[in-house]
Amino acid sequence: MIINKATIDYLAELARIKIKPEKEEKMLRDLERILEYFEELKSVDTEGVEPVTGGTTFVNVFRNNENGAASLSNESAVKSFPHRTADNYNKIPPVFE
Amino acid sequence: MDLHKLTIREFNAGLKSKKFSAGEATAEFLASIEFYDQEIQAYLEVFKEDALAEGESVDKIIASHDELPLLAGIPMAVKDVILVAGKRCTAASKILEHYYASFDADVVTRLRKQHAVFLGKVNCDEFAMGSSTENSAYQITKNPYDTERVPGGSSGGSAAAVASGMALVSLGSDTGGSIRQPASFCGICGLKPSYGAVSRHGLMALASSLDQIGPLGKCVEDVAIVFDALRGKSEYDSTSADISFSIDNIGKRKLSDYTIGVPKEYFIDGMEREVEEGVRSAIEKFKKAGAKIKEISLPHTRHALSVYYIILPAEASTNLARYDGIRYARRPEAEAAKTLKDIYLNQKSSGYGDEPTRRILLGTFVLSHGYYDAYYAKAQKVRTLIRRDFDEAFQDVDVIIAPVAPSRAFKIGEKIDDPLSLYLEDVFTLPINLAGLPSLALPVKKYSLAERELPVGFQIIGKRYREEDILNLGYQYEMIQFK
């Protein structure tokens, strides 16, 4: 058993997600099966192998340091905020209670 | 007028010679959608007024005798993970049911420059997670060849729309096979470009090191033309690049110039007989036409599934964290919450379906303290080995031909209860994403909806940024077919 209910609860807490109680058992079984499948990776010798760190090997892709036009207008960027102040800030409940 | 039977070039010629107007063409495709989509259910939203207006503006260009771009008036469908400004973009998820895109994706901007017509947004698996389009939170899309079967996924709507004549071409996205597999299941062509060849700006990110947007169409030339319009370095995607590609080179270099690799690990027990026969017959056709065929080995192929399903959820769990109800549309269940934490919990539990939830948990697990090294770091190292397999093979061959999926389109509901069995559908496609290579999926022969024979496809995999090679070979394969 690689994981159990306590693991799932912990992962859900980390990911800020809530699993519906009626779905918990199947979720645990599915994840268990998938993680068991991954055991086969242990057989691969990766001694001295560098990990891939992204889709490309490009480094330092910069833009010019100039005062360019905004890529997105403030108005379109804030349009999908659920609650907006008059001056286009996103209004949310307190971060610290 | 059966305009859906035309190629892009034929369509363009028809517009220029005034055989039909762009307005008429758009209206015809909209009528097809109204008629066929009742059953196929490919479209999530149809842009009726906007499409007709776009058609009309193309007619104005024709009337003014200005230069008419090749893609002008071409009716296309867009997978609902690609942003079209001002339009709803749901990623086929309830969590974005009320989200409206604030900008055009880079690919959409490029297509607008050529005055393409956007017919609407098409269905996919939720957040592009899936291989059947059954994970959509909205509707099940049917395979036009057999409506009891899936069109494939995650770009099932994109494939079904083109296959049933409800769009001339479509845009999809491919992270582990999501363009190639549905293209094959629906008897059409689909291209997954090299990682970085097409900008991901405006694509709702699933796995940032694997995603690519690509075209689906009835023939290789159409796919090549759309790719040519989409590709290019974009200011807003630092992983994008300009590549050496000329549409005029498609059809030029002789088949006898090519050495084609056939990887032995891609022909496995449990493959459907029709798939193996179809792919081997395609290889035989290339051989008869003068190409050299060489058996090669990609020894780490069997580990690709584990590698992919560790890396993808890890990246996806990060990318999906943003839909927490704070910046984008908030669900009513989250609206009722009083604390920030409850907003997050209610938003995600009411918004995400089972597959995204599963992958978020999986991703969180493989990235968490105590498990990171054994899973994520290990997977990224094996990914290096998978890449090396391809690099070494490509010393001896120019392209690689392989099957796309172990089976043809399966029945709706057949695999949905067993996530692992769906993941196994991707074994032939996902190594290519892990290596960032381009791959073209095309049917082994021409299929007709009337005959209802389930399509078989194969893929031509190229070296990084060598879309010219795979499109050239695909185009010439189609020529051989009609001899």
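Computed from a predicted structure; not experimentally measured. (Residues numbered from 1 in each chain as written. Chains lettered and ligands numbered in written order. Predicted model: local features only at pLDDT ≥ 70, side-chain atom pairs only at ≥ 80, totals over all residues. Heavy atoms only, no water.)

K.L.:
For the sheet that holds strand E8 (residues 292–296) of chain B, give the residues involved together with the corresponding values.
P.N.:
Residue and element names in this part refer to chain B. In spatial order, the strands read E1-E3-E2-E4-E6-E5-E10-E11-E9-E7-E8; together these 11 strands make up an open sheet with mixed pairing. On the outer flanks of this sheet lie strand E1 (43–46) and E8, each paired with one strand and no other. When strand polarity is set aside, the average angle formed by the axes of neighbouring strands in this sheet is 25°. Sitting on the sheet, helix H8 (residues 273–288) touches strand E7 (259–263), E8, strand E9 (399–403) and strand E11 (457–462), and the angle it makes with E9 is about 155°. (Pairing = 2+ DSSP bridges. Helix = DSSP H or I, 4+ residues; strand = E, 2+ residues; numbered from the N terminus. Axes fitted to C-alpha atoms, helices over the stretch in contact; angles between N-to-C directions. Contact = heavy atoms within 4.5 Å.)

K.L.:
Please give an account of the pairing of strand E4 (residues 169–174) of chain B that cites residues and values.
P.N.:
All names here are of chain B. The element E4 is extensively covered by neighbouring structure, given that 6 of its 6 residues are classed as buried. Residues of E4 alternate between two faces, with Val-169, Leu-171 and Ser-173 on one and Ser-170, Gly-172 and Asp-174 on the opposite face, all of them buried. Two strands pair when backbone bridges link them, and strand E2 (residues 75–79) and E4 are joined in this way by 3 bridges, in the parallel orientation. For Val-78, the partnering residue across the bridge sits in E4 and is Leu-171. Note: E4 against strand E6 (residues 212–217), 6 bridges, orientation antiparallel. When the sheet's bridge partners are listed, Leu-171 is paired in E6 with Pro-215. (Buried < 20%, exposed > 50% of the residue type's maximum accessible area, 1.4 Å probe, protein only.)

K.L.:
I'd like a rundown of the confidence of the model for chain B, residues and numbers included.
P.N.:
Of all residues in chain B, 100% attain a pLDDT of 70 or more, and the chain-wide mean is 96. Here the prediction assigns the complex a pTM of 0.97, and the interface score ipTM is 0.94. (pLDDT = per-residue confidence, 0-100.)

K.L.:
Tell me about the packing of H8(B) against helix H16 (residues 467–481) of chain B, and name the residues and values.
P.N.:
Residue and element names in this part refer to chain B. It is the contact of H8 with H16, at a shortest axis distance of 11 Å, that shows an interaxial angle of 90°. As judged from the angle between their axes, H8 and H16 are roughly perpendicular. Facing H8, whose interface residues are Ala-282, Lys-285 and Phe-286, H16 presents Leu-473, Tyr-477, Ile-480 and Gln-481. Split by residue class, the contact of H8 with H16 holds 5 nonpolar, 1 polar and 1 charged. (Parallel < 35°, antiparallel > 145°, perpendicular 65-115°, else oblique. Nonpolar A, V, L, I, M, F, W, Y, C, P; charged D, E, K, R; others polar.)

K.L.:
Please give an account of the layout of surface pockets that cites residues and values.
P.N.:
Residue and element names in this part refer to chain B. By volume, the largest pocket is sized at about 960 Å³. As for the largest pocket, its lining consists of 37 residues, and the residues nearest its centre are Tyr-145, Ala-163, Lys-218, Lys-446 and Tyr-447. Mapped by element, the contributors of at least two residues to the lining of the largest pocket are helix H2 (22–40), helix H5 (156–163) and H16. Here the residues of the lining of the largest pocket are counted per class, giving 18 nonpolar, 9 polar and 10 charged. Considering only enclosed or pocket space, the second largest pocket measures out at about 440 Å³ in volume. Each residue belonging to the lining of the second largest pocket can be placed in one class, and the counts come to 11 nonpolar, 5 polar and 3 charged. (1 Å grid on protein atoms, 1.4 Å probe; cavity = no way out; pocket = protein on both sides within 12 Å on 5 of 7 lines; lining within 4 Å. Points joined across faces, edges and corners; volume = space filled by probe spheres on them.)

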